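Here's the letter readout for the chains.
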Amino acid sequence: MSTILITGAGRGLGLEFARQYAEQGWTVIGTVRNAAGEAGLAKIGARAIRLDVSDFPRVKRLPQELGGAPLDVLLCNAGVIGRRGTGLGSFDYADWEALLRVNLLGAAAVIEALAENVAASSRKTVAVMSSRLGSIGETSGMTLPYASSKAALNLLAKGLAATLEPRGVIVVALSPGWVKTDMGGAGAPLAPEASVRGLRKLIDGLRREDSGKFLSYDGSSIPW
């Protein structure tokens with residue numbers, strides 16, 4: 001039986017990932033920040049671990065909690081969008097630091113802590129949940145604090161793909177599209193169920209030669 005650990009699994013895309021993987025018979029472990037998240041995972045038969053990915057000493061204890069169990073897929077989904085509507089002349093630097101701490105450093109800490117668990121599995125896959133807004137090639141200059149955190153996350157994925165290649169670990173950055181969630185807003189055109197179905201199909205089909213890529217939920221490549 002395959003095992004996946006999903007960070008930020010208490011709501012939105014993370015919870016939908018947990019639900020769909022559980023339906024497929026996977027062992028699902030999700031990190032959540034509150035009791036509501038724990039209750040949501042309990043309903044679908046998934047294991048919940050209370051964790052804030054920006055609490056780095058706490059993240060370091062994850063391997064002990066898992067007891068060395070192999071992780072076929074590590075999905076770093078936890079993220080925040082930060083203060084909306086900021087731009088040149090109105091940057092909130094404390095908020096920007098918080099974005100980087102969660103979106104970039106939180107993912108780095110989780111991957112560092114659980115790299116051995118992933119390497120011990122059969123699928124050996126790490127996926128980080130990025131955003132098309134993190135594409136430097138396509139940037140319009142909008143939502144710079146959030147976009148810069150995702151661009152940095154992309155570089156982390158690209159660099160770790162090279163670092164972990166000798167161990168056979170695949171590392172990719174994924175974009176879910178513009179999804180109707182708390183973060184994406186009610187006007188988004190894509191339902192969470194459809195986005196996650198596409199991303200699961202993509203993850204399932206990954207090969208070693210895909211490591212280091214930046215991919216959309218529909219399987220297309222996104223320029224760095």
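For the structure, see preceding data.
Attention in this report is confined to the structure presented alongside it.

About the thresholds
Residues numbered from 1 in each chain as written. Predicted model: local features only at pLDDT ≥ 70, side-chain atom pairs only at ≥ 80, totals over all residues. Heavy atoms only, no water. Helix = DSSP H or I, 4+ residues; strand = E, 2+ residues; numbered from the N terminus. Rg over C-alpha atoms; globule rule 2.2 N^0.38 Å. Buried < 20%, exposed > 50% of the residue type's maximum accessible area, 1.4 Å probe, protein only. Contact = heavy atoms within 4.5 Å. Areas by Shrake-Rupley, 256 points an atom, 1.4 Å probe, with all protein chains shown as cover. Lys, Arg positive; Asp, Glu negative; His and termini not counted. Charge placed at Lys NZ, Arg CZ, Asp CG, Glu CD. Axes fitted to C-alpha atoms, helices over the stretch in contact; angles between N-to-C directions. Parallel < 35°, antiparallel > 145°, perpendicular 65-115°, else oblique. Left-handed = near helix turned anticlockwise from the far one by under 90°.

Counting its secondary structure elements, the chain contains 7 helices and 7 strands. The linear arrangement of helices and strands in the chain, starting from the amino end, is β-α-β-α-β-α-α-β-α-β-α-β-α-β. Over its C-alpha trace the chain gives a radius of gyration of 16 Å, about what one expects of a compact globule, namely 17 Å for 224 residues. With the C-alpha coordinates of the chain rotated into their principal frame, the extents come out at 50 × 40 × 35 Å. When each of the 224 residues of the chain is scored for burial, the buried share is 48%. In the chain, the proportion of contacts linking residues at least 24 apart, taken out of those at least 6 apart, comes to 65%. Accessible surface for the chain amounts to roughly 10400 Å². Of this, 55% is attributable to carbon and sulfur atoms. Mean positive and mean negative side-chain charge positions of the chain (25 and 20 charges, respectively) differ by 2 Å.

With that out of the way, let us pick up the packing of helix α5 (residues 93-119) against helix α6 (residues 144-164). Packing of α5 against α6 brings their axes to within 9 Å, and their N-to-C directions diverge by 20 degrees. Between α5 and α6, the angle is such that the two are roughly parallel. Seen from above, α5 lies across α6 with right-handed handedness. Touching W96, L99, L100, N103, L104, A107, A108 and I111 of α5 are L144, P145, Y146, S148, S149, K150, A152, L153, L156 and L160, all from α6.

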